[in-house]
Amino acid sequence: MERILLISSTQKSQATLAQFLSFCGMQAQTVPAASGAEARRALLDGIFDIVLINTPLPDEFGHELAQAAAHETAAGVLLLVKAEQSDAVSELVETDGVFVLPKPLSRPLFFQALRMVRAVHARLDGLQKENQRLQSRIQDIRLVDRAKCILIELRGMTEPEAHAYIEQQAMNGRKSKRQVAEEILGLDQF
């Protein structure tokens, strides 16, 4: 189930936006916030798929909050702005990946924007997972390289010999090269 941070200054507008979401077929858990400060606290406390901001907010306009949400989370960010201000606000936040919708809202336009925001979130989420996988791989390589250095220094092996030794130990012990490297480095004791 998706989680949506719904930021709007009044409960009436929050209810209206929640109805729009349900009309669009969103089976989501909505977390309401009535101000920018409340929304920032919610962003720190939880992970959201979509951040929906209905401007203006009582303590700020909302575009800076949208930019912060776009930079600090993988959530898709949708900013609702009065039609006469939408072009100016779009210029400010478009490069940050924030979608701007003019108010009053039409259901088809809202539905289409919501689908785009969901697609952006899915893409960012996939990129984040790939980044984590690559970071883990880099850590593995660094550990193995450090273990090779220890073998070269303490056992007088050459780099190819140290590499072959780690691979052989991994195969013989049915372990990953990272586990063997941790053992060599003495990290498995921590």
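Above this text is the structure in question.
Rules of the game
- Within every chain, residues take consecutive numbers counted from 1 along the sequence as written.
- Totals for whole chains, interfaces and linings use all residues, but because this is a predicted model, local features are given only for residues with pLDDT of at least 70 and pairs of side-chain atoms are given and counted only at 80 or more.
- Excluded from the side-chain calculations are hydrogens and water; all other atoms, namely the structure's heavy atoms, are used.
- Each helix corresponds to a stretch of at least 4 residues labelled H or I by DSSP, and each strand to a stretch of at least 2 residues labelled E; elements are numbered beginning at the N terminus.
- Only the C-alpha atoms count toward the radius of gyration. The rule for a globule is 2.2 Å times the residue count to the power 0.38.
- By definition, residues are in contact when any of their heavy atoms lie within 4.5 Å.
- Each accessible area is a Shrake-Rupley result for a 1.4 Å probe, and residues are judged covered by the shown protein chains and nothing else.
- Under the convention used here, Asp and Glu are negative, Lys and Arg are positive, and both His and the chain ends fall outside the count.
- Taken as the charge location is NZ of Lys, CZ of Arg, CG of Asp or CD of Glu.
- At least two bridges found by DSSP between two strands is the condition for calling them paired.
- When the strands point away from the viewer, a crossover counts as right-handed if the path from the first strand over the helix to the second runs clockwise.
- Only Phe, Tyr and Trp rings take part, Trp by its six-membered ring, and two of them pair if their centres are within 6.5 Å. Stacked means planes under 30 degrees apart, edge-to-face means over 60, and tilted covers everything else.
- Relative accessibility thresholds used throughout: buried, under 20% of the residue-type maximum; exposed, over 50%; partly exposed, between the two (1.4 Å probe, protein chains only).
- Lysine and arginine charges are scored as sitting over a ring when NZ or CZ, respectively, is within 6 Å of the ring centre and within 35 degrees of the ring normal.
- In this analysis, axes come from line fits to C-alpha atoms, helices being fitted only over the stretch in contact, and the angle between any two N-to-C directions falls in the range 0 to 180 degrees.
- Each direction from the helix axis to a C-beta atom contributes to the arc, which is the arc of those directions.

**Q** Could you give me a rundown of the overall build of the protein, with the residues and numbers involved?
**A** Counting its secondary structure elements, the protein contains 7 helices and 5 strands. Here the C-alpha atoms of the protein give a radius of gyration of 25 Å, more than 25% beyond the 16 Å that 2.2 N^0.38 yields for 190 residues. Each principal axis of the C-alpha distribution contributes one length, and for the protein these read about 75 × 30 × 25 Å. Taking all contacts inside the protein whose residues are at least 6 apart in sequence as the whole, residues at least 24 apart take part in 61%. Accessible surface for the protein amounts to roughly 11500 Å². Of this, 52% is attributable to carbon and sulfur atoms. For the protein, the centre of its 21 positive side-chain charges and the centre of its 24 negative side-chain charges are spaced 6 Å apart.

**Q** Please provide a residue-by-residue account of the pairing of strand E2 (residues 28-33), values included.
**A** Pairing geometry for strand E1 (residues 2-7) and E2, over 6 bridges, is parallel. Note on E2: the bridge partner recorded for arginine 3 is glutamine 29. At this point the chain moves from E1, through helix H1 (residues 11-23), to the parallel E2, and the crossover so formed is right-handed.

**Q** Residue-level account of the packing of aromatic side chains, with values.
**A** The tally for this structure, following the rule as stated, stands at 1 aromatic pair. Centre to centre, the rings of phenylalanine 20 and phenylalanine 110 are 5.3 Å apart; their planes meet at 85°, and the pair counts as edge-to-face. In this pair, phenylalanine 20 sits in helix H1 while phenylalanine 110 sits in helix H5 (residues 107-155), placing the two residues 90 residues apart along the sequence. On the accessibility criterion, phenylalanine 20 (14% relative accessible area) is buried. Between the NZ or CZ atom of arginine 107 and the centre of the ring of phenylalanine 20, over which it lies, the distance is 5.6 Å.

**Q** Can you explain the sheet that holds strand E5 (residues 98-103)? Please cite residues and give values.
**A** Spatially, the 5 strands line up as an open sheet ordered E2-E1-E3-E4-E5, and their pairing is parallel. Edge positions in the open sheet fall to E2 and E5, since each of these has one partner strand only. Here the average twist between neighbouring strands, direction ignored, is 20°. Each of E1, E2 and strand E3 (50-54) is contacted by helix H2 (residues 36-45), which is oriented at about 160° to E1, the strand it contacts most.

**Q** Help me get a handle on H2, residues and values and all.
**A** Note that an α-helix has 3.6 residues per turn; residues three or four places apart therefore point the same way. Residues of H2 that are buried: Gly36, Ala39, Ala42 and Leu43. For H2, the arc enclosing every buried residue in end-on projection is 120°, short of the 170-degree limit, so these residues lie on one face. What points out from H2, more than 90 degrees from its buried face, is the exposed set Leu44 and Asp45. Of the surrounding elements, those touching the buried residues of H2 are E1, E2, E3 and helix H3 (63-72).

**Q** Could you give an account of unusual backbone geometry, naming the residues involved and the relevant values?
**A** Cis geometry is found at the peptide bond from threonine 55 to proline 56, where omega equals -10°. Going from lysine 103 to proline 104, the amide bond is cis rather than trans, its omega being 5°. Topologically, proline 104 is positioned in the loop between E5 and H5. Positive phi, normally seen in glycine, also occurs at arginine 174, with a value near 50°.

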